[in-house]
Amino acid sequence: AYRSRMIQYAADKNLILLDLGDATTRYLNTLTLEETKSIYLWAEENRYQGKYQMGVADNAHLSEYGSNKYASILAELIKNYKSPLLDSVRRNLL
């Protein structure tokens with residue numbers, strides 16, 4: 001419900017909408033379940049000290065690799081969006 005309202009609000013207000021949710025979902029659908037573990041915070045026991053020393057299987061929070069991947073997906077959305085409002089942002093991405 002939130003996503004559809006966000007899309008409608010952007011359309012109603014003539015705002016730029018970079019749909020990272022859609023883009024990342026399409027990306028994740030190209031991966032196997034095992035491959036998605038590199039995107040999210042999955043770690044075997046003793047890989048980390050402290051909080052995750054016993055291991056972690058977290059499909060909500062991104063790993064460092066996943067954060068970088070999502071950032072590159074967002075950069076591609078900005079790069080490919082057809083709007084002069086994003087020209088200065090695009091120049092800084094190149």
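Residues numbered from 1 in each chain as written. Predicted model: local features only at pLDDT ≥ 70, side-chain atom pairs only at ≥ 80, totals over all residues. Heavy atoms only, no water.

Engineer: Can you lay out the packing of aromatic side chains for me, pointing to particular residues and giving the numbers?
Structural biologist: Think of a pair of aromatic rings as described by two things: how far the centres are apart, and how the planes are tilted against each other in angle. All told, the structure shown has one aromatic pair when counted by the stated rule. Ring geometry for Tyr 48 against Tyr 52: centres 6.5 Å apart, planes inclined by 65°, an arrangement best described as edge-to-face. For Tyr 48, a relative accessible area of 33% puts it in the partly exposed group. (Phe/Tyr/Trp six-rings, centres within 6.5 Å; stacked < 30°, edge-to-face > 60°. Buried < 20%, exposed > 50% of the residue type's maximum accessible area, 1.4 Å probe, protein only.)

Engineer: How would you explain helix H2 (residues 20-28) if you had to name every residue and give the values?
Structural biologist: Ala 23, Thr 24, Tyr 27 and Leu 28 are the residues of H2 that are buried. The arc enclosing the buried residues of H2, seen along the axis, measures out at 130°, which places them on a common side. In the core, the buried residues of H2 are packed alongside helix H3 (33-36), strand S1 (40-43) and helix H4 (64-80). (Helix = DSSP H or I, 4+ residues; strand = E, 2+ residues; numbered from the N terminus. Arc of directions from axis to C-beta. Contact = heavy atoms within 4.5 Å.)

Engineer: Tell me about the pattern of salt bridges, and please be specific about residues and values.
Structural biologist: Throughout the structure, instances matching the rule amount to four salt bridges. Across the salt bridge formed by Asp 22 and Arg 26, the nearest N and O atoms sit 3.0 Å from each other. Of this pair, Asp 22 and Arg 26 are both found in helix H2, four residues apart, which corresponds to roughly one turn of the helix. Between Lys 79 and Glu 76 there is a salt bridge; the shortest N-O distance is 3.6 Å. Of this pair, Lys 79 and Glu 76 both sit in helix H4, three residues apart, roughly one helical turn. Residue classification places Lys 79 among the partly exposed positions, given a relative accessible area of 41%. (Salt bridge = Lys/Arg side-chain N within 4 Å of Asp/Glu carboxyl O.)

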